[in-house]
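# Summary of structural features
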Amino acid sequence: MHRALLIVEIQLYIFNQIFKKRTLYALARTCQAFSETALNVLWGVSEKIKSPCKVFRSRFPR
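Keep in mind it's a predicted model, so treat the numbers as computed, not measured. Residue numbers run consecutively from 1 along every chain, following the written order of its sequence. For a predicted model such as this one, the threshold for reporting local features is a pLDDT of at least 70, and the threshold for listing and counting side-chain atom pairs is 80 or more; totals across whole chains, interfaces and linings nevertheless cover every residue. Note that water and hydrogens are dropped before the side-chain values are worked out from all heavy atoms of the structure.

Helix and strand definitions follow DSSP, with helices as H or I runs of at least four residues and strands as E runs of at least two, each counted in order from the N terminus. Helix and strand counts for the protein stand at 3 helices and 0 strands. Here the term buried applies to any residue with accessible area under 20% of the maximum for its type, exposed to any over 50%, and partly exposed to those in between, with areas from a 1.4 Å probe on protein chains only. Counting the 62 residues in the protein, one finds 23% classified as buried. Contact criterion: two residues are considered in contact whenever any of their non-hydrogen atoms come within 4.5 Å of each other. The contacts in the protein between residues at least 6 apart in sequence include a share of 38% that link residues at least 24 apart.

Moving on to the environment of Leu27. Summarising the element assignment, Leu27 is placed in helix H2 (residues 21-30). When the C-alpha positions of Leu27 and Ala38 are compared, they lie 6.3 Å apart, and in sequence the two are 11 residues distant. If sequence neighbours within four positions are ignored, Leu27 has contacts with Phe15, Ile18, Phe34 and Ala38.

Turning next to the packing of aromatic side chains. Two measures describe an aromatic ring pair: the distance that separates the ring centres and the angle between the ring planes. Pairing of aromatic side chains requires ring centres within 6.5 Å, counting the rings of Phe and Tyr and the six-membered ring of Trp. Pairs whose planes differ by under 30 degrees are stacked, by over 60 edge-to-face, and all others tilted. Under the criterion given, the structure shown has 1 aromatic pair. The interplanar angle of 85 degrees and the centroid separation of 5.6 Å between the aromatic rings of Phe15 and Phe34 together place this pair among those described as edge-to-face. Of this pair, Phe15 sits in helix H1 (residues 8-15) while Phe34 sits in helix H3 (residues 32-59), placing them 19 residues apart in sequence. Summarising the burial analysis for this pair, Phe15 and Phe34 share the class buried.

Bringing the nonpolar core into the picture now. Definition used in this section: a nonpolar core is a set of buried Ala, Val, Leu, Ile, Met, Phe, Trp, Tyr and Cys residues joined via side-chain atoms within 4.5 Å. Phe15, Ile18, Leu24, Leu27, Ala28, Cys31, Phe34, Ala38, Val41 and Leu42 together form the largest nonpolar core, which totals 10 residues. For this core, the secondary structure elements donating two or more residues are H2 and H3. With 4 residues, the top contributor of residues to this core is H3. Sequence-distant contacts of Phe34, that is, excluding residues within four places in its chain, are made with Met1, Leu5, Gln11, Phe15 and Leu27.

Encoded structure:
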């Protein structure tokens, strides 16, 4: 692996271009050097999805 891929800022730039959860999950499992950054991006994607869901829940109570 090229040393540039070990730089967290470069990983973040690359991983933030990926919008499929499945791909981020695969990156997290593929390489120990990618794991932490990929999981952080994956959790960030999950949090972005949760915010609109909270709005809908508040407008449409059960």
